[in-house]
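Geometric and topological summary
So the chains spell out like this:
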Amino acid sequence: MVHGPLDFGLVGILASLTTALAQNGISVFAVSTFDTDYILVKKDKAEAAVKAWEAISQFQVKVNV
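Residues numbered from 1 in each chain as written. Predicted model: local features only at pLDDT ≥ 70, side-chain atom pairs only at ≥ 80, totals over all residues. Heavy atoms only, no water.

**Some words on the overall build of the chain**
Each helix and strand in the chain was counted, giving 2 helices and 2 strands. The helix and strand sequence of the chain, counted from the amino end, reads α-β-β-α. Taking 2.2 N^0.38 as the reference for a compact globule, 65 residues should give roughly 11 Å; the C-alpha atoms of the chain span a radius of gyration of 12 Å, in line with that estimate. Taken over 65 residues, the chain has a buried fraction of 15%. In the chain, once contacts between residues fewer than 6 apart in sequence are set aside, the share between residues at least 24 apart is 30%. Just so you have it, the chain exposes about 5300 Å², and 57% of that area is on carbon and sulfur atoms. Across the chain, the centroid of the 5 positively charged side chains sits 12 Å from that of the 6 negatively charged ones. (Helix = DSSP H or I, 4+ residues; strand = E, 2+ residues; numbered from the N terminus. Rg over C-alpha atoms; globule rule 2.2 N^0.38 Å. Buried < 20%, exposed > 50% of the residue type's maximum accessible area, 1.4 Å probe, protein only. Contact = heavy atoms within 4.5 Å. Areas by Shrake-Rupley, 256 points an atom, 1.4 Å probe, with all protein chains shown as cover. Lys, Arg positive; Asp, Glu negative; His and termini not counted. Charge placed at Lys NZ, Arg CZ, Asp CG, Glu CD.)

**Some remarks on a nonpolar patch on the surface**
A contiguous nonpolar surface patch, about 230 Å² in accessible area, is contributed by Leu6, Leu10 and Ile13. Inspection of the secondary structure puts Leu6 in the segment before α1 (13–22). Residue Leu6 is classed as partly exposed on the basis of its relative accessible area, which comes to 38%. (Patch = residues over 30% accessible without salt bridge, like charges linked within 9 Å, V, L, I, M, F, W, Y side chains within 5 Å. Salt bridge = Lys/Arg side-chain N within 4 Å of Asp/Glu carboxyl O.)

What follows is the structure, encoded as structure tokens:
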């Protein structure tokens, strides 16, 4: 989970998160609002998504199921 609010000048956050998933063959459904983005993955891919994000991050990933 990326905690916000994030500065509107930051770009590429959603792209980098979804790219990591795409490189691991994980499909997503992304929903963006004015101040929040959601990345939804199928339940059976959740563990693989966490591993993909942890591979590109220095932080532990938290998942809401």
